[in-house]
Amino acid sequence: MRLILLGAPGAGKGTVAKMLTKIDGSVQISTGDILRAAVKNGTDLGKKAKEFMDAGDLVPDELIMGIMKDRLREDDCKAGYLLDGFPRTIPQAEQLKVLLEEIGHKLDAVVNLNVPRDVILDRLTTRRTCTDCGAIYNVKSNPPKEEGKCDKCGGPVVQRDDETEEAISNRLDVYNEKTAPLADFYKGEGMLLDIEATSSDTVVDAIKGHVGI
Ligand code: AMP
């Protein structure tokens, strides 16, 4: 399947994407994960992106489109993909439309995960992430078996630099201003599937029903 997952930070896009990859071999493409790896490895891209990310601001569209133009042409995308955290602005959505036409790909749906703001805030402040494999934990509801150590790969499980209270609040404002309008954009394209996303299992079932798998 080829899907875009829309939703505020903490809405569960990453968790849902990981569950969907197990169903039909589609790959999860998270621009946030790609950027965090670039920052960790000290690449040019990482150096350009770090300041924006730490403040909870968006990385410029040109950098993101540069990444995605190559990424969507890679071989593993033939099995389908779940775009997690991309597009995040109207210009990215418009450029993605052109890119998809160029490479002959058609999306199955754009899924919008709606979650109340208080739930989002609670999830983001208690979320922990493995810096090696990206596995997501929660200190309250799903901690790693050994504190600070990933169950899956043994990597370090930490709070992300952009998950301080100040950066979270900025990320939510940026989301409302720049990313939330994408729901209307895709509604206009006839592709939007709006879901009340309080549990990941319900979301996955709704997507499966919609896509017909
Ligand atoms: P995420 O893991 O999706 O929450 O992304 C973490 C950070 O990476 C965001 O707060 C942005 O700074 C940056 N980022 C990720 N995806 C994009 C995108 N599509 N456009 C602009 N910035 C992005």
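Refer to the structure printed above.
Attention in this report is confined to the structure presented alongside it. What you are looking at is a predicted structure, and each value in this text was computed from that prediction instead of being measured. (Residues numbered from 1 in each chain as written. Predicted model: local features only at pLDDT ≥ 70, side-chain atom pairs only at ≥ 80, totals over all residues. Heavy atoms only, no water.)

**Some remarks on the site of the ligand**
Right, on to step 1. Taken together, 16 residues lie around the ligand, and Thr31, Arg36, Asp57, Gly85 and Gln92 are the ones closest in.
Right, on to step 2. The contact in question runs from an oxygen atom of the ligand to an N or O atom on the backbone of aspartate 57, over 2.6 Å.
Right, on to step 3. Here arginine 88 contributes a side-chain N or O atom positioned 3.0 Å from an oxygen atom of the ligand.
Right, on to step 4. In the complex, 96% of the free accessible area of the ligand, which totals 480 Å², lies under the protein chains.
Right, on to step 5. The element contributing the most residues to the shell around the ligand is helix α2 (residues 31-40), with 4 residues. (Near = heavy atom within 4 Å. Polar contact = N/O pair within 3.5 Å; in protein donor to acceptor, adjacent residues only side chain to side chain. Areas by Shrake-Rupley, 256 points an atom, 1.4 Å probe, with all protein chains shown as cover. Helix = DSSP H or I, 4+ residues; strand = E, 2+ residues; numbered from the N terminus.)

**Overview of the pattern of salt bridges**
Right, on to step 1. Inspection of the entire model under this criterion finds 15 salt bridges.
Right, on to step 2. Where lysine 50 meets aspartate 54, a salt bridge forms, and the shortest distance between an N and an O atom there is 2.5 Å. Here lysine 50 and its partner aspartate 54 are both found in helix α3 (residues 44-55), 4 residues apart, which amounts to about one turn of the helix.
Right, on to step 3. The class for lysine 50 is partly exposed, based on a relative accessible area of 34%.
Right, on to step 4. Several salt bridges share partner residues, and in doing so they unite Arg127, Arg160, Asp162, Glu163 and Arg171 into one network. (Salt bridge = Lys/Arg side-chain N within 4 Å of Asp/Glu carboxyl O. Buried < 20%, exposed > 50% of the residue type's maximum accessible area, 1.4 Å probe, protein only.)

**Points about the pairing of strand β2 (residues 27-30)**
Right, on to step 1. The alternating pattern of β2 places Val27 and Ile29 on one face and Gln28 and Ser30 on the opposite face, and all of these are buried.
Right, on to step 2. Pairing of β2 with strand β3 (residues 81-84), which is carried by 4 bridges, proceeds in the parallel orientation. Pairing of serine 30 across the sheet is with aspartate 84, part of β3. (Pairing = 2+ DSSP bridges.)

**Here we look at the environment of lysine 149**
Right, on to step 1. With respect to the helices and strands, the residue lysine 149 is situated in the loop between β6 (136-138) and β7 (157-158).
Right, on to step 2. Assessed through its relative accessible area of 37%, lysine 149 is described here as partly exposed.
Right, on to step 3. When the C-alpha atoms of lysine 149 and isoleucine 23 are compared, they prove to be 27 Å apart, with 126 residues separating the residues in sequence.
Right, on to step 4. If we skip the residues at most four places from it in the chain, lysine 149 touches Pro144, Gly154, Gly155 and Val157. (Contact = heavy atoms within 4.5 Å.)

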